[in-house]
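One letter stands for each residue in the lines below.
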Amino acid sequence: MAVRIEPWDAGDLQLLQKSMVDPAMTEHLGGPESPAQIAERHERFQRLADSGKGRWFKIVDVSTGESVGSVGYWERTWRDEDVYEIGWSVLPPFQGRGIAGIGTGLAIDVARSDKRHRFLHAFPSVDNGPSNAICRKLGFTLIEETKFEYPKGSFMRCNDWRLDLFALN
Ligand SMILES: CC(C)(COP(=O)(O)OP(=O)(O)OC[C@H]1O[C@@H](n2cnc3c(N)ncnc32)[C@H](O)[C@@H]1OP(=O)(O)O)[C@@H](O)C(=O)NCCC(=O)NCCS
């Protein structure tokens, strides 16, 4: 399936609602969010590009124009270093067709072209088979298993995957 990524905008609240109220979709992300949390997240995604500290995108099915998922990256401090972190999600009816891998690859191309940070990290739960497979497929290096606080106040066991955006490929 051919997909493209487009900047997150004001019309994308419904897409976010579909993913963030679903217990299966949020199993590795701390569980479903409240309407207020989702609205706040939607505002944050829209502001991200203007802040210069990252970007959020919707993943769009080229043939229908339908939004099928999202992917984004943002700045964080990790082990005393400023890096990018990336996250992704694809709605259940569209999973299992390689869409998250393609959409994430496209977002990585944009992060690379920003020339802002060398390292991009992903922290999928150790139990998130598809997300760990995506990291491996996209050329991330597995650094270590680590305890990661997400959401605030709750800790999960994650893999720390790292991609060198400045490496020649
Ligand atoms: C994780 C998620 C984005 C995957 O979306 P998707 O479009 O189905 O993923 P893809 O089809 O691009 O890739 C999945 C890969 O994992 C593999 N895979 C699937 N289930 C797997 C499992 N249980 N164990 C190992 N690998 C698995 C697939 O074979 C595929 O690899 P391949 O392309 O080499 O065959 C989707 O399940 C989701 O949105 N989950 C909820 C949100 C979430 O957990 N986000 C991740 C936060 S880091």
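Note that this is a predicted model, so its numbers are computed, not measured. (Residues numbered from 1 in each chain as written. Predicted model: local features only at pLDDT ≥ 70, side-chain atom pairs only at ≥ 80, totals over all residues. Heavy atoms only, no water.)

Engineer: Can you walk me through the packing of aromatic side chains in this structure?
Structural biologist: Two aromatic rings are characterised by how far apart their centres lie and by the angle between their planes. All told, the structure shown has 7 aromatic pairs when counted by the stated rule. Aromatic pair Tyr73 and Tyr84: ring centres 4.8 Å apart, planes at 70°, arrangement edge-to-face. Of this pair, Tyr73 sits in strand β3 (residues 67–78) while Tyr84 sits in strand β4 (residues 81–90), and the two are 11 residues apart along the sequence. The exposure class assigned to Tyr84 is buried, which follows from its relative accessible area of 1%. Here Phe123 and Phe148 contribute two aromatic rings whose centre-to-centre distance is 4.4 Å and whose plane-to-plane angle is 20°, an arrangement assigned as stacked. With Phe123 in the loop between β5 (119–122) and α4 (129–137) and Phe148 in strand β6 (residues 141–149), the pair connects residues that are 25 residues apart, well separated along the chain. As far as burial versus exposure is concerned, Phe123 and Phe148 are alike and both buried. Feature note: the residues Trp8, Phe45, Trp56 and Trp74 constitute an aromatic cluster, connected by ring pairs. (Phe/Tyr/Trp six-rings, centres within 6.5 Å; stacked < 30°, edge-to-face > 60°. Helix = DSSP H or I, 4+ residues; strand = E, 2+ residues; numbered from the N terminus. Buried < 20%, exposed > 50% of the residue type's maximum accessible area, 1.4 Å probe, protein only.)

Engineer: Can you help me understand the site of the ligand in this one?
Structural biologist: Taken together, 19 residues lie near the ligand, and Trp88, Val90, Gly96, Gly98 and Lys137 sit nearest. Asn128 is positioned with one of its side-chain polar atoms (N or O) 3.0 Å from an oxygen atom of the ligand. Note that an oxygen atom of the ligand is positioned 2.5 Å from one of the side-chain N or O atoms of Lys137. Within the complex, the protein chains bury 67% of what would otherwise be the 970 Å² of accessible surface of the ligand. (Near = heavy atom within 4 Å. Polar contact = N/O pair within 3.5 Å; in protein donor to acceptor, adjacent residues only side chain to side chain. Areas by Shrake-Rupley, 256 points an atom, 1.4 Å probe, with all protein chains shown as cover.)

Engineer: Any chance you could explain the side chain of His42 here in plain terms?
Structural biologist: Within the secondary structure, His42 is located in helix α2 (residues 35–51). Apart from residues no more than four positions distant in its own chain, His42 is found in contact with Trp8, Asp9, Ala10, Asp12, Leu13 and Leu16. (Contact = heavy atoms within 4.5 Å.)

Engineer: How should I be thinking about the pattern of salt bridges in this particular structure?
Structural biologist: Opposite charge on two side chains makes pairing possible when the charged atoms of those side chains draw close. This structure, assessed with the given rule, holds 12 salt bridges. Taking the shortest distance from any N to any O, the salt bridge between Lys58 and Asp9 comes out at 3.4 Å. Linking Lys58 in strand β2 (residues 54–61) with Asp9 in the loop between β1 (3–7) and α1 (13–20), this pair joins segments that are 49 residues apart in sequence. Overall, the relative accessible area of 6% leaves Lys58 in the buried class. Take Asp9: its relative accessible area is 35%, and that puts it in the partly exposed class. Each of Asp9, Asp12 and Lys58 takes part in a single network of salt bridges with overlapping partners. (Salt bridge = Lys/Arg side-chain N within 4 Å of Asp/Glu carboxyl O.)

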